[in-house]
Amino acid sequence: MHVQKTPGWLDWHPAPSRPRFVLPAGSVDAHCHVFGPGAEFPFARERKYTPCDAGKHQLFALRDHLGFARNVIVQATCHGADNRAMVDACRASQGRARGVATVRRGITDAELHDLHAAGVRGVRFNFVKRLVDFTPKDELLEIAHRIRPLGWHVVIYFEAVDLPELWNFFTALPTPIVVDHMGRPDVSQPPDGPEFSLFLKFMEEHPHVWSKVSCPERLSVTGPAALNGETAAYRDVVPFARRVVERFPDRVLWGTDWPHPNLKGHMPDDGALVDFIAHIAVTSDLQSRLLVDNPMRLYWPEEQS
Ligand SMILES: O=C(O)c1cc(C(=O)O)oc(=O)c1
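Calculation rules
- Residues numbered from 1 in each chain as written.
- Predicted model: local features only at pLDDT ≥ 70, side-chain atom pairs only at ≥ 80, totals over all residues.
- Heavy atoms only, no water.
- Helix = DSSP H or I, 4+ residues; strand = E, 2+ residues; numbered from the N terminus.
- Rg over C-alpha atoms; globule rule 2.2 N^0.38 Å.
- Buried < 20%, exposed > 50% of the residue type's maximum accessible area, 1.4 Å probe, protein only.
- Areas by Shrake-Rupley, 256 points an atom, 1.4 Å probe, with all protein chains shown as cover.
- Lys, Arg positive; Asp, Glu negative; His and termini not counted.
- Charge placed at Lys NZ, Arg CZ, Asp CG, Glu CD.
- Arc of directions from axis to C-beta.
- Contact = heavy atoms within 4.5 Å.
- Near = heavy atom within 4 Å.
- Polar contact = N/O pair within 3.5 Å; in protein donor to acceptor, adjacent residues only side chain to side chain.
- Salt bridge = Lys/Arg side-chain N within 4 Å of Asp/Glu carboxyl O.
- Pairing = 2+ DSSP bridges.
- Right-handed = clockwise from strand over helix to strand, strands pointing away.
- Disulfide = S-S within 2.5 Å.
- Core = buried A, V, L, I, M, F, W, Y, C linked by side-chain atoms within 4.5 Å.
- Axes fitted to C-alpha atoms, helices over the stretch in contact; angles between N-to-C directions.
- Parallel < 35°, antiparallel > 145°, perpendicular 65-115°, else oblique.
- Left-handed = near helix turned anticlockwise from the far one by under 90°.
- Nonpolar A, V, L, I, M, F, W, Y, C, P; charged D, E, K, R; others polar.

As recorded in an unreviewed UniProt entry, the chain goes by Amidohydrolase family protein and comes from Pelomonas cellulosilytica.

Right, dumping it as structure tokens:
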């Protein structure tokens, strides 16, 4: 069956450049997705968008092309709580990918253990209204308590304006928390203004909160886009991400967000996007922590000496 992509959908960049920024050995792309392919892994009925296909072979080719050693594959909302595409990719990666799943309350202990065996190390709770329907907080809290004994964490995706309302729920979670894309700040506001200061306070007061300093291509208002050889893209996002990296060097992660769901204006060249990292982690020490030490500690702790 042929499924029609969401009108205006932008497909992933067909020929990304090689980054000029040389990634440290062992770097982890700690936020990326797979979409289908739809003929093998159909998209969820309750999805809010229908993407292009973006399967594991393409993801692994991009990993090698950019110079990453490993991936963390985060369940995309277009697959709902059907984790098969993500799990298949983790299993096919020969230990080079770990996963973050979406699960519902009815999941059995045996199913959780199967996910763990495949490489899943976290669950994602999504509060972005254009992406998902509401899941009651008591259900999410129950899931968090179920996954805690496995040593997993909770990945949360929300918009900055919703942080005050969600604060008490987040801080009551019994596991480490990883925030997607810095909690989506409005970067037209100052980085030391009230909105982003609240996010920094959230991290400051809660040592179990981590953040991905990813998705400048989504957050940027003024660009310039990571295209056409641009090596200093998305300059308006830099002060935000740099602040988080420098204040919390041991609790930050970075990921490409490939295949970049729901972008409207442009599709970045992933090579030029990697060049963004050098502007937010400005020393080799910060770069190693962001790209190697931190993701390894969270997703491959058994390899830590
Ligand atoms: O902002 C988005 O549209 C988006 C969507 C998804 C998803 O559909 O899972 O994941 C992301 O990391 C970002």
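Let's pick the thread back up.
### Here's the deal with the overall build of the chain
The helix and strand tally for the chain stands at eleven helices and eight strands. Its C-alpha atoms give the chain a radius of gyration of 18 Å, near enough to 19 Å, the size a compact globule of 305 residues would have. With the C-alpha coordinates of the chain rotated into their principal frame, the extents come out at 45 × 45 × 45 Å. A buried classification covers 59% of the 305 residues belonging to the chain. Counting only carbon and sulfur atoms, one obtains 53% of the accessible surface of the chain, whose full area is about 12,700 Å². Each charge class in the chain can be summarised by its mean position, and for the 34 positive and 37 negative side chains these summaries are 1 Å apart.

### Section: helix α4 (residues 137–147)
Listed as buried for α4 are Glu-139, Leu-140, Ile-143, Ala-144 and Ile-147. Buried residues of α4, viewed axially, fall in a sector of 140°; they line one side. The secondary structure elements touched by the buried residues of α4 are α3 (109–118), β4 (120–126), β5 (153–157) and α5 (163–171).

### Digging into the site of the ligand
Around the ligand lies a shell of 16 residues, among which Tyr-49, Thr-77, Arg-124, Arg-130 and Tyr-157 are the nearest. The contact in question runs from an oxygen atom of the ligand to an N or O atom on the side chain of His-181, over 3.0 Å. A distance of 2.8 Å separates an oxygen atom of the ligand from a polar atom in the side chain of Asn-262. In isolation the ligand has 330 Å² of accessible area, and contact with the protein removes 100% of it.

### Observations regarding the pattern of salt bridges
Throughout the structure, instances matching the rule amount to 24 salt bridges. Ionic pairing is found between Arg-184 and Glu-159, a salt bridge with its closest N-O pair at 3.6 Å. Of this pair, Arg-184 sits in the loop between β6 (177–179) and α6 (194–205) while Glu-159 sits in the loop between β5 and α5, and the two are 25 residues apart along the sequence. Via salt bridges that share partners, Arg-63, Asp-64 and Arg-96 belong to a single interconnected network.

### Digging into helix α8 (residues 238–247)
Val-238, Phe-240, Ala-241, Val-244 and Val-245 are the residues of α8 that are buried. Taken down its axis, α8 places every buried residue within 170° of arc, on the same side. Taken together, the buried residues of α8 touch α6, β7 (209–212), β8 (252–253), α10 (277–280) and α11 (284–299).

### Focus on the pairing of β7
Burial of β7 is two-sided: the residues Val-209 and Ser-211 facing one way and the residues Trp-210 and Lys-212 facing the other way are all buried. In the sheet, β6 pairs with β7 via three bridges, with the strands oriented parallel. Pairing of Ile-177 across the sheet is with Val-209, part of β7. As for the winding sense of the linkage, the β-α-β connection from β6 through α6 to β7 is right-handed. Sheet topology places β7 next to β8; two bridges connect them, and they run parallel. Residue pairing across strands places Ser-211 opposite Val-252, the latter belonging to β8.

### Regarding the state of the cysteines
All chains considered together, the criterion is met by zero disulfides. For the unlinked cysteine Cys-52, the closest cysteine sulfur is that of Cys-78, found at 9.4 Å. Under the relative-accessibility criterion, Cys-52 is labelled buried at 9%. The closest cysteine sulfur to the non-disulfide-bonded Cys-215 is located on Cys-32, 11 Å from its own sulfur. With relative accessibility at 1%, the residue Cys-215 sits in the buried group.

### A look at the nonpolar core
One finds Phe-125, Phe-170, Met-182, Phe-199, Val-213, Val-244 and Trp-254 to be the most contacted residues of the largest nonpolar core, which totals 102 residues. Broken down by element, the residue count for this core peaks at seven residues, all from α11. If we skip the residues at most four places from it in the chain, Val-213 touches Met-182, Ala-241, Val-244, Val-245, Val-252, Leu-253, Trp-254, Phe-276, Ile-280 and Leu-290.

### Overview of the packing of α6 against α8
The N-to-C vectors of α6 and α8 enclose an angle of 20°; their axes lie 11 Å apart at closest approach. Considering the angle they form, α6 stands roughly parallel to α8. For the crossing formed where α6 meets α8, the hand is right-handed. Along its contact with α6, which presents Phe-196, Phe-199, Leu-200, Met-203 and Glu-204, the element α8 presents Phe-240, Arg-243, Val-244 and Arg-247. Considered class by class, the residues forming the contact of α6 with α8 number six nonpolar, no polar and three charged.

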